[in-house]
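Each chain, written out:
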Amino acid sequence: MRVTRINQKESAVKTEAKVDLKLLEPLIKKYKSKKGNLIPLLQGTQNLFGYIPPEAMMMLSRETGLKISDMYGVATFYAQFRLNPVGKHIIKVCHGTACHVQNAKVVTEDLQNFLEVKDGETTPDNIFTLETVACLGCCSLAPVMMIGDETYGKLNGKKAVEVIKEIKRKETLNQKKSLTENISKN
Amino acid sequence: MAQTKVIVGLGSCGIAAGAGKVYEELQRIKEADNLDFELKKTSCIGMCFKEPLVEIIDETGSYLYGEVDSKKADEIIEKHIVNFTPVKEYIVKSDTTDTKFDSYFEGQVKIALRNCGYIDPENIEEYEARGGYQAIKKIAGEKIGVQEVIKSILDSGLRGRGGGGFPTGLKWKFANNNRSKEKYLICNADEGDPGAFMDRSVLEGDPHSVLEGMIIGAYAIGASDGVIYCRAEYPLAIKRLNIAIGQAREKGYLGKDILGIEGFDFDLYIKEGAGAFVCGEETALIASVEGERGMPRKRPPFPAVSGLWRKPTNINNVETYANIPWIITNGAKEYAKYGTEKSKGTKVFALTGKIKNGGLVEVPMGITIKDIIYKLGGGIIDDKKFKAVQLGGPSGGCIPEYLSHTIVDYDSVNATGAIMGSGGMVVMDETTCMVDIARFFLEFTCKESCGKCTFCRVGTKRMLEILTRITEGEGREGDIEKLEELAYQIKDGSLCGLGQTAPNPVLTTIKYFRDEYEAHIRDKKCPALNCKKLLTYEIIEDKCTGCMVCKRGCPTKAISGEKKMPHFIDQSLCIKCGDCFSKCKFDSIKIY
């Protein structure tokens, strides 16, 4: 109802790595007996895996006695929680009021065209996830987008695509580098 | 001789504009050239349109430099620090000379933002040096009783700055009246209004003022546990709050028998919100702190009677708490000097949109909207025509240009159909389509509706469908009336503030800009030339040189014409992407 989630493309879901449930243990220990622990548990899980994997939710339920239905209800209620893995870089395009009147729509459209994904989707190479968010609070720099901790202001479609291209270039370089390193190691 | 200080503004917006790199550069030069100045950090001074900002304070005065990048930083250090000659062209504010931005600060009265941009928010001593924690010390030292504190806040006339405008003193009184041993005090820092960022700025720039306000609040109502419910989207605010809480504990402002007041124990923790606009509503916020879906419930019982974990709970907003220490230190009378009869004190506004000087301004209640926009804000970008200002975010409304003499206080703003809200002020010019703005807000509230009340859940969706249709040229006669009917039903049929106010953006735009709705519906035209599907692109024959650039770029091959001959757009094929318009070098494409 309140948050429309667009299903991930098949390819994005398939490549998910195996979830190491051991990582959850300290989190469970910390929050197990605290009241009001559901949201912090989910937030902690997401911090570990980047999303909330179903097996993690089941383990939390087993260990803490919280009901899966409650957890799922909360996880789908709040915009923060993701139930699918995301790309390495999450592009958050601000669609707050100030950004809206300064044409944030065009930024999203141009990014969608360039990355060939829709809002909420991840690119097949798992490098980018494109998201629309409400106000990032940098209204005087509108329109803005945020990638990781970096905020880019006073954008237009072209500038936004340039930023993405630059990141992509670096990523490809890194990949090549690690590939050659691997080869030389072997 | 006092050492020269170089202070970099490192709020979220400053960092976004590149202040972090400027700081690194300054640090590098300082070490490389072994220069004698103290490099310091502060937060946002509110002058967002000139970020990144660097202030230099030497024995001759203070100089604030705007739009500083690494290169400019080198130049400023070279000229100002090494050669003692301030770089005039970059100065945006100084106590030694006038600048063209002085009007931005004239007329501002900084109470809630009194320390923002002046202190290092991660250093408790700097807060104390500017009068911080004096209010709680005064209470402890002069043995001011609980009732007296509440009376001070009542007399000051302070009303809730989160949007509701309920008298803070009265809220405290209700919470105090309850004899329960266990009580909670919550700070609502779940600022979710798109277009408002004053709470973030206060938390990042002066977290201790909020803590001190909460400590005083806890003393007044008798709470021993506090929660700051802060948006997870504000990582810097959370980081600085955590630092501040640690420091306050160390210094004994939090803990047991605070400042020797016997039996006054208070401590607090931060609860990260998970992203739901509805959690700004008190009962939804409480549900969220309890780890549940943030859905509002029926009131009464009010939180002052039964709130968090069914105990009496008092909730105030960030800006409200930031005002409290100032009121206690300076007295209720001093505070009530500012403002109008029913709205006392000052209010922080986030001035954004099509405005030249966008940023945070704190003004006394009673100033006119026009003065804020033209005197402080410097007018509209590119000197376009000012059309309307949106106040109060998704719960507010649009106030048209001809009502810009309206003064800002709770009642005057309410009379226009908008609300004060948390203080987002988005300025719109002639290129903003009011139907599209209404649709934008409805899209937001429709997404953010928690789904509990049918009218809010389904009604906003239906309204959004109608508005979308209108902006796409499918509007029908009777749509405006249908929107109004739905709007009043949603207002009446919803439990919480979100639903009750969700239709405001639509109702105010219909009230003041009905002709725009009619133009969309009847003439299938968007007067602001914003709604894509209602635009017509046409080539002006006399101007077209036949360069073929537009023809080559057209994705649907809608443009035809021979080389060096005027081209033509086939309207049946045109998808209104605007590609030809942006590529034409001869201004020969008109849009209407």
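All figures in this text were calculated on a predicted structure; none of them were measured in a lab.

1. Side note on the overall build of chain B
Within chain B, the regular secondary structure consists of 23 helices and 18 strands. Relative to the globule expectation of 25 Å for 592 residues, the C-alpha radius of gyration of chain B, 27 Å, shows essentially globular dimensions. Expressed as lengths along the three principal axes of its C-alpha atoms, the size of chain B is roughly 90 × 70 × 40 Å. Only carbon and sulfur atoms are counted for the fraction: they give 50% of the accessible area of chain B, which is about 23600 Å². Positive and negative charge centroids in chain B, built from 80 and 83 side chains respectively, lie 4 Å apart.

2. Here we look at the overall build of chain A
Helices and strands together make up the secondary structure of chain A, namely 8 helices and 4 strands. Taken from N to C terminus, the helices and strands of chain A fall in the order α-α-α-α-α-β-α-α-β-β-β-α. Once the C-alpha set of chain A is aligned to its principal axes, its extents read approximately 55 × 50 × 25 Å. Taking all 186 residues of chain A together, 48% fall into the buried category. Counting every atom, chain A has about 9900 Å² of accessible surface; 52% of that belongs to carbon and sulfur.

3. A word on empty space enclosed by the protein
All names here are of chain B. Taken as a whole, this structure holds 5 cavities of 30 Å³ or more when the rule is applied. Estimated volume of the largest cavity: approximately 100 Å³. Contributing to the lining of the largest cavity are 15 residues, with Cys554, Ile559, Cys574, Cys577 and Cys580 lying nearest its centre. For the lining of the largest cavity, the secondary-structure elements that each account for two or more residues are helix H22 (549-553) and helix H23 (579-583). In the lining of the largest cavity, the residues fall into 10 nonpolar, 3 polar and 2 charged.

4. Some remarks on the packing of aromatic side chains
Residue and element names in this part refer to chain B. Counted by the stated rule, this structure contains 13 aromatic pairs over all chains. Both rings, one in Tyr133 and one in Tyr253, keep their centres 3.8 Å apart while their planes meet at 5 degrees; by these two values the pair is stacked. One end of the pair, Tyr133, is in the loop between helix H5 (124-129) and helix H6 (134-141); the other, Tyr253, is in the loop between helix H11 (235-250) and strand S8 (267-273), with 120 residues separating them in the sequence. Per residue, the accessibility class of Tyr133 equals that of Tyr253, and both read buried. Put simply, the rings of Phe49, Phe101, Tyr104 and Phe105 pair up and form one aromatic cluster. Positioned over the ring face of Phe37 is Lys30, at 5.3 Å from the centre of the ring. Across from the ring centre of Phe105, 4.8 Å away, lies the NZ or CZ of Lys93, which sits over that ring.

5. Thoughts on the domain arrangement of chain A
Interfaces are often described in size by the accessible area the parts lose on coming together. Under the domain assignment, chain A is made up of domain 1 (8-77) and domain 2 (89-185). Here the C-alpha centroids of domain 1 of chain A and domain 2 of chain A sit 27 Å apart.

6. Things to note about the interface of chain A and chain B
Counting from both sides, the interface comprises 36 residues of chain A and, opposite them, 53 residues of chain B. Summing the contributions of chain A and of chain B, the shared interface buries around 3400 Å²; its carbon and sulfur component is 58%. Here chain A is connected to chain B by 2 salt bridges. Glu109(A) serves as the salt-bridge partner of Lys532(B), at 3.7 Å between the closest nitrogen and oxygen. Remark: the boundary between chain A and chain B carries 11 residue pairs in polar contact (both at pLDDT 80 or more).

7. Section: the nonpolar core
Residues Ile228(B) and Phe266(B) are the most contacted members of the largest nonpolar core, which totals 84 residues. Ranked by residue count, the leading element in this core is helix H10 (residues 207-221) of chain B, at 9 residues. Not counting chain neighbours up to four residues away, the residues in contact with Ile228(B) comprise Cys187(B), Ala189(B), Leu211(B), Met214(B), Leu241(B), Leu268(B), Tyr269(B), Ile270(B) and Lys271(B). Listed in part, the 45 residues of the second largest apolar core include Val19(A), Tyr31(A), Tyr51(A) and Ile186(B).

8. Describing the packing of helix H9 (residues 198-205) of chain B against H10(B)
Residues and elements named next belong to chain B. The contact between H9 and H10 brings their axes to 5 Å, and the two run at 95 degrees. When the interaxial angle is binned, H9 and H10 end up roughly perpendicular. Between H9 and H10, the residues in contact are Val202, Leu203, Glu204 and Gly205 and Pro207, Ser209 and Val210, respectively. Along the lines of polarity and charge, the residues of the contact of H9 with H10 split into 4 nonpolar, 2 polar and 1 charged.

9. Quick notes on the environment of Cys456(B)
Residues and elements named next belong to chain B. Structurally, the position occupied by Cys456 is in helix H18 (residues 454-471). In this structure, the C-alpha to C-alpha distance between Cys456 and Leu495, residues 39 residues apart in sequence, is 8.9 Å. Not counting residues within four places of it along the chain, the set of residues in contact with Cys456 comprises Ser449, Ile490, Ser494, Leu498 and Gly499.

10. Quick word on the pairing of strand S11 (residues 359-364) of chain B
All names here are of chain B. For S11, the tally of buried residues reaches 6 of 6 residues, placing the bulk of the element in the interior. Strand direction decides the pairing type here: strand S10 (residues 346-353) and S11, joined by 6 bridges, are antiparallel. If you follow Thr346 over to S11, its bridge partner there is Pro364. Hairpin connection, S10 to S11: the antiparallel pair is bridged by 5 residues.

Thresholds, definitions, all that
Residues numbered from 1 in each chain as written. Chains lettered and ligands numbered in written order. Predicted model: local features only at pLDDT ≥ 70, side-chain atom pairs only at ≥ 80, totals over all residues. Heavy atoms only, no water. Helix = DSSP H or I, 4+ residues; strand = E, 2+ residues; numbered from the N terminus. Rg over C-alpha atoms; globule rule 2.2 N^0.38 Å. Areas by Shrake-Rupley, 256 points an atom, 1.4 Å probe, with all protein chains shown as cover. Lys, Arg positive; Asp, Glu negative; His and termini not counted. Charge placed at Lys NZ, Arg CZ, Asp CG, Glu CD. Buried < 20%, exposed > 50% of the residue type's maximum accessible area, 1.4 Å probe, protein only. 1 Å grid on protein atoms, 1.4 Å probe; cavity = no way out; pocket = protein on both sides within 12 Å on 5 of 7 lines; lining within 4 Å. Points joined across faces, edges and corners; volume = space filled by probe spheres on them. Nonpolar A, V, L, I, M, F, W, Y, C, P; charged D, E, K, R; others polar. Phe/Tyr/Trp six-rings, centres within 6.5 Å; stacked < 30°, edge-to-face > 60°. Lys NZ or Arg CZ within 6 Å of the ring centre and 35° of its normal. Domains from an automatic or database assignment. Contact = heavy atoms within 4.5 Å. Buried area = accessible area lost by both parts, 1.4 Å probe. Salt bridge = Lys/Arg side-chain N within 4 Å of Asp/Glu carboxyl O. Polar contact = N/O pair within 3.5 Å; in protein donor to acceptor, adjacent residues only side chain to side chain. Core = buried A, V, L, I, M, F, W, Y, C linked by side-chain atoms within 4.5 Å. Axes fitted to C-alpha atoms, helices over the stretch in contact; angles between N-to-C directions. Parallel < 35°, antiparallel > 145°, perpendicular 65-115°, else oblique. Pairing = 2+ DSSP bridges.

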